[in-house]
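Descriptive structure summary
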Amino acid sequence: MAQEEGRTGAQHNALSHTIGAGWRELATFLTHTARPEPTAEGRFVNYGVERGSTVLFPTIADLNNDGDKAHNHQLVYGAMGNPIQHELEKLLAELEGGTHTQVVGSGLAACTVPLLAFLNAGDHLLLPDSVYGPTRRFARRFLTRFGVETTFYPPMADEQTLQGLVTSKTAIIFAESPGSHTFEVQDIPMIARVAHEHGARLLLDNTWGIGAFKPFEHGVDVSIQALTKYPSGHSDVIIGAVTVAKEEDWLPLRHAAIEMGECASSDDCWLTLRGLRTMALRLERQAVSALEVAHWFKNRPEVVRVRHPAFPECPGHEFWKRDFTGASGLFGVELRSDITVEAMQRMMDRLTLFGIGASWGGYESLILPTTGGVTRNDTGGLPEGAAFRIHIGLENVADLTRDLEQAFHHLTV
Ligand SMILES: *Cc1c(COP(=O)(O)O)cnc(C)c1O
């Protein structure tokens with residue numbers, strides 16, 4: 001028994017080390033990229049916030065070049081970008097491993113803008129059944145009105161099943177890995193193969209995998225980031241980004257964003273760039289802390305399954321092991337079937353260090369019930385009993401597990 005525990009402990013330490021290593025490799029890049037060059041007159045370490053709508057040019061000829069400028073991350077008009085936004089875009093393109101990034105007003109806009117950029121009336125869209133709820137709602141309500149038909153596919157569908165769902169009209173296969181709330185890690189290279197065989201694009205919501213999953217090395221065409229999460233990192237900004245790797249994908253995306261008036265404020269871009277400076281450090285800590293808390297849950301008799309991609313019982317764990325260099329601080333927990341949703345809610349109300357609320361990726365711990373909060377009516381796959389999603393912040397792990405320990409007493413009384 002003691003030996004067994006020892007082995008588990010060693011494996012746990014090795015996993016913590018691996019998860020931390022991926023983030024350490026990013027730290028220099030995030031510290032030194034998107035900073036102004038020093039000048040003889042001297043200048044501050046960071047870019048400043050520049051507010052503006054009108055952009056002035058010395059001559060009409062300079063003004064008339066605006067088309068090319070707009071496509072090349074240069075200044076044209078405030079709604080088409082600002083100086084710090086363009087710096088942020090260059091950093092994100094490099095971080096994701098693509099060529100161009102478009103910053104947009106929210107993570108949700110980062111999902112909807114590329115869908116509108118690459119879909120036409122009459123097209124067919126494949127969305128994973130584990131997709132972020134508002135993306136599901138956008139397809140169901142909005143895209144339907146414009147003649148786009150959506151089929152929801154099981155996130156763990158094998159190649160044959162996925163092939164069977166593709167039609168001659170399929171223009172986009174969308175993926176989100178791991179899935180919102182249920183954490184299925186998807187076989188992205190296989191999905192890319194199926195998409196490309198049929199002339200469709202693969203769009204990936206890579207929010208959870210930021211820095212830990214290189215989308216374009218695995219066949220993704222368009223990568224989506226809710227920068228609201230770890231990049232800004234302090235729960236005080238709503239912002240998103242879309243990155244492409246192929247030149248021919250850039251103009252349709254850029255045009256869609258401009259034509260819809262998508263923009264982000266200079267202040268929000270500045271806050272996001274500031275957040276990115278410490279993202280590797282925060283994620284290194286939060287990923288390791290989350291793993292420790294996940295192990296705490298695993299040893300609790302009230303818990304039947306921990307949906308953390310680094311755990312073998314998480315659907316798609318083998319793809320996480322194959323394709324990711326790290327993990328984030330967000331995972332799911334399923335409780336024993338005899339524990340009611342009401343008991344789980346009672347337990348959550350007793351927590352003092354975990355906020356109850358939407359979003360994640362900030363410096364603070366959060367908890368949210370999965371049951372009832374997610375609609376999945378096509379392929380199933382939701383936990384049957386009471387379940388919740390948990391985000392581990394920068395707090396001391398011992399304080400977090402102490403808080404969970406006292407609240408867990410209320411699960412069974
Ligand atoms: C939060 C989130 C979004 C949306 O981001 P917002 O900035 O809140 O609009 C999109 N996708 C995923 C996976 C998310 O977690």
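Our subject in this report is the structure included herewith. Computed from a prediction, not measured in an experiment: that's the story for all the values here.

Take the overall build of the chain next. Along its length, the chain carries 14 helices and 12 strands. Taking 413 residues into account, the globule formula puts the C-alpha radius of gyration at 22 Å, and the chain, at 22 Å, falls close to it. Across its three principal axes, the chain shows a C-alpha extent of roughly 80 × 60 × 35 Å. The 413 residues of the chain split such that 54% are buried. Contacts in the chain between residues far apart in sequence, at least 24 positions, make up 73% of those at least 6 positions apart. Surface exposure of the chain reaches about 17,900 Å², of which carbon and sulfur atoms provide 53%. Taken as two groups, the 35 positive and 50 negative side-chain charges of the chain have centres that lie 3 Å from each other.

Packing of helix α4 (residues 83-96) against helix α10 (residues 266-277) leaves a shortest axis separation of 9 Å and a crossing angle of 40°. The pairing of α4 with α10 is recorded here as oblique in orientation. Both α4 and α10 take part in a crossing whose hand is left-handed. Between α4, through Ile84, Gln85, Leu88, Leu91, Leu92 and Leu95, and α10, the contact on the second element is made entirely by Ser266, Cys269, Trp270, Thr272, Leu273, Leu276 and Arg277. Classifying every residue of the contact of α4 with α10 gives 9 nonpolar, 3 polar and 1 charged.

Turning next to the pairing of strand β2 (residues 124-128). For β2, a buried count of 5 out of 5 residues is recorded, marking the element as mostly surrounded by other parts of the structure. With burial as the criterion, each face of β2 is covered, one bearing His124, Leu126 and Pro128 and the other bearing Leu125 and Leu127. In terms of strand pairing, β2 meets strand β3 (residues 149-153) through 5 bridges, oriented parallel. Within β3, the residue paired with His124 across the bridge is Glu149. When β2 meets strand β4 (residues 170-176), the two strands line up parallel, connected through 3 bridges. Within β4, the position partnered with Leu125 by the bridge is Ile172.

Glancing now at the site of the ligand. Neighbouring the ligand are Ser106, Gly107, Leu108, Tyr132, Glu176, Asp205, Thr207, Ala226, Thr228, Lys229, Ile238 and Trp360. Here an oxygen atom of the ligand sits 2.9 Å away from a polar atom, N or O, in the main chain of Leu108. In this structure, an oxygen atom belonging to the ligand sits 2.5 Å away from a side-chain N or O atom of Thr228. If the ligand stood free it would expose 380 Å²; the protein chains cover 90% of that surface. Of the pockets mapped on this structure, the ligand occupies the largest pocket.

What follows deals with the packing of aromatic side chains. A complete count under the given rule lists 10 aromatic pairs for this structure. Here Phe138 and Phe142 contribute two aromatic rings whose centre-to-centre distance is 4.9 Å and whose plane-to-plane angle is 20°, an arrangement assigned as stacked. In this pair, Phe138 and Phe142 both sit in helix α6 (residues 133-145), 4 residues apart, roughly one turn of the helix. Classification of Phe142 by relative accessible area gives partly exposed; the value is 30%. Between Phe297 and Phe331, the ring centres sit 6.1 Å apart and the planes meet at 70°, which makes this aromatic pair edge-to-face. Here Phe297 is found in helix α11 (residues 279-298), whereas its partner Phe331 is found in strand β9 (residues 330-335), with 34 residues between them in sequence. The structure contains a cluster of three or more aromatic residues connected by ring pairs, namely Trp296, Phe297, Phe331, Phe388 and Phe408.

Turning next to the nonpolar core. Counting 86 residues, the largest nonpolar core has Phe297, Phe331, Leu335 and Phe388 as its most contacted members. Sorting elements by how many residues they give to this core places α11 first, with 10 residues. Split by domain, the residues of this core number at least three in each of domain 1 (9-25 + 279-408) and domain 2 (30-277). With 29 residues, the next largest nonpolar core counts Val113, Val148, Phe174 and Leu203 among its residues.

This brings us to α6. Between its first and last C-alpha, α6 extends 18 Å over 13 residues, near the 18 Å set by a 1.5 Å rise per residue. Maximal helix bending in α6 amounts to about 30°, located at Ala139. Here α6 has its buried residues at Thr135, Arg136, Phe138, Ala139 and Leu143. On its buried side, α6 packs onto α5 (107-118), β2, β3 and β4. Backbone geometry just downstream of α6 places Gly147 in the positive-phi region, at approximately 80°.

Reading the values: rules and limits
Residues numbered from 1 in each chain as written. Predicted model: local features only at pLDDT ≥ 70, side-chain atom pairs only at ≥ 80, totals over all residues. Heavy atoms only, no water. Helix = DSSP H or I, 4+ residues; strand = E, 2+ residues; numbered from the N terminus. Rg over C-alpha atoms; globule rule 2.2 N^0.38 Å. Buried < 20%, exposed > 50% of the residue type's maximum accessible area, 1.4 Å probe, protein only. Contact = heavy atoms within 4.5 Å. Areas by Shrake-Rupley, 256 points an atom, 1.4 Å probe, with all protein chains shown as cover. Lys, Arg positive; Asp, Glu negative; His and termini not counted. Charge placed at Lys NZ, Arg CZ, Asp CG, Glu CD. Axes fitted to C-alpha atoms, helices over the stretch in contact; angles between N-to-C directions. Parallel < 35°, antiparallel > 145°, perpendicular 65-115°, else oblique. Left-handed = near helix turned anticlockwise from the far one by under 90°. Nonpolar A, V, L, I, M, F, W, Y, C, P; charged D, E, K, R; others polar. Pairing = 2+ DSSP bridges. Near = heavy atom within 4 Å. Polar contact = N/O pair within 3.5 Å; in protein donor to acceptor, adjacent residues only side chain to side chain. 1 Å grid on protein atoms, 1.4 Å probe; cavity = no way out; pocket = protein on both sides within 12 Å on 5 of 7 lines; lining within 4 Å. Sits in = over half its atoms within 2 Å of the grid points. Phe/Tyr/Trp six-rings, centres within 6.5 Å; stacked < 30°, edge-to-face > 60°. Core = buried A, V, L, I, M, F, W, Y, C linked by side-chain atoms within 4.5 Å. Domains from an automatic or database assignment. Expected span 1.5 Å × (residues − 1). Bend = angle between axes of the 7 residues up to and from the residue.

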